[in-house]
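This is what each chain is made of:
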Amino acid sequence: MCVRQQTSFEGLDQSFGKQLSGKAAVKASIMLRSAHTQRVHASCARASQSALPVLRSALARRSNVQIRRLPGVVQPEPLPQQQWPELPEQQQQQQHRPDVACAAGGAAAASDAPTPAYSAEFIRRRLVVFIGIVIGYSCYYLTRNSLTYTAPVMVADPKLAMDITQIGAMTSIFPIAYGMSKFISGVLGARFSPSVLLAGGLMATALINIAFGFGTSLAWFCVFWALNGTLQGVGGPCCARILTTWFASKERGTYWGMWNIAHNLGGFAAPLVAGGFAKSMGWKWGMWAPGIIGLVVGCFVLFACKDKPEDLGFPPVEPAAEKPKAAGEAKPKPNVLKQLLNNVLKNPFIWGMALTYFFIYIVRQGVTSWFVFYLIKEKGVSDAAQAAVRVSGLELGGLVGSLIAGRVSDMMINSSGGKGGAVGKRVQVVMAYTVGIALALLSFQYVPASAAALQWLNVFMIGFFLYGPQMLIGLCGAELVGPDSVGASEGFLGWIAYLGAANAGIPLSIIVKEYGWPAYFNTLIGACALALLLLSPMMNLKSFVQRREIYMQRKLKGQ
């Protein structure tokens, strides 16, 4: 079909080239040549269709000649003026760039086009970027959890004369600093390079871990651990910005889920690295070893990651329909406060996602903080080591669940044929997973203490269902706003989420103490119910790309 369209356009170019003159001839000629250079079948068809309105309108103005409809070619709406190429030189440069897929078709084709075909060179370079953000964010988790597995050795060191209460003071400071940092860095980070921030933040938190190891007083430890929490908030929003520029919306769920395993990889490495070095070489090395690893990985991230495909000469994966700028004209820096207010804080669906995150994080933190105590106090498990083994399936289940959640949401979007909201499809997966969390929590209460393997499997399923919503809610927040507001959206969502995590500490401890463990489980299941209630109005929610397409179509019809 693409070859027939090329032949038809060659004939049109020869037949009508003499009748067109001036700017109209240049535009029509450029659009015709663009149709000949497309390497991907779907891109070629879109470019071919886009050239017809230009010819028709130009001939109608110049010579009142009607162009007959070509068989087999769908007649689209005229392209908006700002999408026309202006100079032949620009078109030639586009032809020699290492292409991802042709950008012809603009925003109007973004939501219902098939997943684009990529060049081998682009795929290789994107894989390097993806590996960089996965390993980089895993090391953020390593330097974040180092104190957790070093603290027991610190308490046992007579030179420090520390107790559990002092360790608790340090760990209480961290989530407060981290939540505020994630919000602030997400908002202000839009003015800076996400790849540089990601690498710089990792190297800074690595240095904080190293400095922590040289301390001997509680004041020193508290100050540096608060600084660590402040720097940790840089990582998540930067990874979100890089993911949204390198991966199109119809494949983003899969790769976002794959990136989300960085949480599990870092959580898995922390006890091996920090705990292992602390036990064998002293508590100082429990902090120094993660810090040294963080410095090395930070250097790798700095050179491996790039902000967007355009930085390496590739076209964007989802080209935006923007008015071309004059040569040498710099892109203005985004107004972060305006973006935060208009695109995030004024968006009621972002607030709905944030409150859902709040309740999901109550469940997540409630499970990770209290399940070991529950098994010891209520189920009669003999010691903390055995209880830890029974809950060890949480991270593994979370890894599998987040991968499947991202893939399933992508499949639902791709199979919808452009009908319905892309974000709404992901919300439907979140709701199904949330129901799974509630059922798994309910069943965990009734598993007998003697069935250790069954308890492990139940915890695995809790992790499976829990980490899917954690991953997808962040993705939904990123797809609801424009590219320049992704960092602000992720920062705001992260801040609200960690407020929920903070409520899983003292409030849940009071509930357990005053009302017992059944009330604890009822509270977590109630949080799942409130999350479902908040998500129910968003089951058909459209993404930013889809809303932009609708806007462009209405604008064209009004002309």
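Residues numbered from 1 in each chain as written. Predicted model: local features only at pLDDT ≥ 70, side-chain atom pairs only at ≥ 80, totals over all residues. Heavy atoms only, no water.

- The protein has the name Major facilitator superfamily (MFS) profile domain-containing protein in an unreviewed UniProt entry, where Tetradesmus obliquus is given as its organism.
- As recorded by UniProt, the Subcellular location (unreviewed entry) comment attached to the protein reads in full: "Endomembrane system". (UniProt positions renumbered as here; feature names shortened; annotations may be inferred.)

### As for the overall build of the protein
Phase 1 of the analysis: Broken down by element type, the protein carries 22 helices and zero strands.
Phase 2 of the analysis: Split into buried and exposed, the 559 residues of the protein put 52% on the buried side.
Phase 3 of the analysis: In the protein, the share of contacts with a sequence separation of at least 24, taken over all contacts with a separation of at least 6, comes to 82%. (Helix = DSSP H or I, 4+ residues; strand = E, 2+ residues; numbered from the N terminus. Buried < 20%, exposed > 50% of the residue type's maximum accessible area, 1.4 Å probe, protein only. Contact = heavy atoms within 4.5 Å.)

### Quick word on the pattern of salt bridges
Phase 1 of the analysis: Going through the model one piece at a time under the given rule, you end up with five salt bridges.
Phase 2 of the analysis: Note that aspartate 410 is salt-bridged to arginine 426, the shortest N-O span being 3.0 Å. Of this pair, aspartate 410 sits in helix H16 (residues 393-415) while arginine 426 sits in helix H17 (residues 422-444); the two residues are 16 residues apart in sequence, bridging distant segments of the chain. When sorted by exposure, aspartate 410 lands in the same class as arginine 426, which is buried.
Phase 3 of the analysis: A salt bridge links glutamate 479 to arginine 426, with the nearest nitrogen and oxygen atoms 2.9 Å apart. You can see glutamate 479 sitting in helix H18 (residues 452-480) and its partner arginine 426 sitting in helix H17, a full 53 residues away along the chain.
Phase 4 of the analysis: Overall, glutamate 479 belongs to the buried group, its relative accessible area being 5%.
Phase 5 of the analysis: Assessed through its relative accessible area of 0%, arginine 426 is described here as buried.
Phase 6 of the analysis: If you follow the salt bridges from partner to partner, you end up with Arg252, Asp410, Arg426 and Glu479 in one network. (Salt bridge = Lys/Arg side-chain N within 4 Å of Asp/Glu carboxyl O.)

### Let's talk about the packing of aromatic side chains
Phase 1 of the analysis: Using the criterion set out here, one finds 37 aromatic pairs in the structure.
Phase 2 of the analysis: A centroid spacing of 5.0 Å and a plane angle of 40° characterise the contact between tyrosine 118 and phenylalanine 122, whose relative ring orientation is tilted. For the pair formed by tyrosine 118 and phenylalanine 122, the shared burial category is buried.
Phase 3 of the analysis: The ring of tyrosine 255 has arginine 126 lying over it, and the distance from NZ or CZ to the ring centre is 5.2 Å. (Phe/Tyr/Trp six-rings, centres within 6.5 Å; stacked < 30°, edge-to-face > 60°. Lys NZ or Arg CZ within 6 Å of the ring centre and 35° of its normal.)

### Thoughts on the environment of alanine 169
Phase 1 of the analysis: Mapped onto the secondary structure, alanine 169 falls in helix H7 (residues 164-188).
Phase 2 of the analysis: On the basis of relative accessible area, alanine 169 is assigned to the partly exposed category, the value being 33%.
Phase 3 of the analysis: Through-space distance from the C-alpha of alanine 169 to that of leucine 218 is 9.1 Å; in sequence the pair is 49 residues apart.

### Points about the nonpolar core
Phase 1 of the analysis: Core analysis: the largest hydrophobic core is formed by 116 residues, its most contacted members being Ile133, Phe212, Trp259, Met353, Phe371, Leu441 and Tyr520.
Phase 2 of the analysis: When residues in this core are grouped by element, the largest group, 15 residues, is from helix H14 (residues 348-377).
Phase 3 of the analysis: With near-sequence residues (within four places) excluded, tyrosine 520 lies in contact with Gly366, Val367, Trp370, Phe371, Leu508, Ile511 and Val512. (Core = buried A, V, L, I, M, F, W, Y, C linked by side-chain atoms within 4.5 Å.)

### Some remarks on the side chain of histidine 263
Phase 1 of the analysis: Within the secondary structure, histidine 263 is located in helix H11 (residues 249-281).
Phase 2 of the analysis: Since its relative accessible area comes to 7%, histidine 263 is described here as buried.
Phase 3 of the analysis: At 2.8 Å, the side chain of histidine 263 and the backbone oxygen of asparagine 260 are in polar contact.
Phase 4 of the analysis: In contact with histidine 263, not counting residues within four places along its chain, are Tyr137, Tyr141, Glu395 and Gln470. (Polar contact = N/O pair within 3.5 Å; in protein donor to acceptor, adjacent residues only side chain to side chain.)

### Concerning the packing of H11 against H16
Packed helix pairs are specified by the crossing angle of their axes together with the interaxial distance, meaning the distance between the axes.
Phase 1 of the analysis: Two numbers describe how H11 lies on H16: the axes approach to 7 Å, and their chain directions differ by 175°. With respect to their mutual orientation, H11 and H16 come out roughly antiparallel. Judged by residue contacts, Ser249, Lys250, Glu251, Arg252, Gly253, Thr254, Gly257, Met258, Asn260, Ile261, His263 and Asn264 of H11 engage Glu395, Gly398, Leu399, Ser402, Leu403, Gly406, Arg407, Ser409, Asp410, Ile413 and Asn414 from H16.
Phase 2 of the analysis: Its residues placed into classes, the contact of H11 with H16 shows five nonpolar, twelve polar and six charged. (Axes fitted to C-alpha atoms, helices over the stretch in contact; angles between N-to-C directions. Parallel < 35°, antiparallel > 145°, perpendicular 65-115°, else oblique. Nonpolar A, V, L, I, M, F, W, Y, C, P; charged D, E, K, R; others polar.)

### Some thoughts on empty space enclosed by the protein
Phase 1 of the analysis: Applying the stated criterion across every chain yields a total of two cavities of 30 Å³ or more.
Phase 2 of the analysis: The space that makes up the largest cavity amounts to roughly 200 Å³.
Phase 3 of the analysis: In this structure, the largest cavity is lined by 21 residues; those nearest its centre are Lys182, Trp259, His263, Tyr357 and Glu490.
Phase 4 of the analysis: Taken together, the elements giving at least two residues each to the lining of the largest cavity come down to helix H5 (120-144), H7, helix H10 (235-246), H11, H14, H18 and helix H19 (486-502). (1 Å grid on protein atoms, 1.4 Å probe; cavity = no way out; pocket = protein on both sides within 12 Å on 5 of 7 lines; lining within 4 Å. Points joined across faces, edges and corners; volume = space filled by probe spheres on them.)

### A short note on the packing of H10 against H19
Phase 1 of the analysis: Across the interface, H10 lies against H19 with an axial gap of 8 Å and an inter-helix angle of 140°. By the angle between their axes, H10 is oblique relative to H19. As H10 runs across H19, the sense of the crossing is right-handed. In contact with Pro237, Ala240, Arg241 and Thr244 of H10, H19 contributes Val486, Gly487, Glu490 and Gly491.
Phase 2 of the analysis: By residue class, the composition of the contact of H10 with H19 is three nonpolar, three polar and two charged. (Left-handed = near helix turned anticlockwise from the far one by under 90°.)

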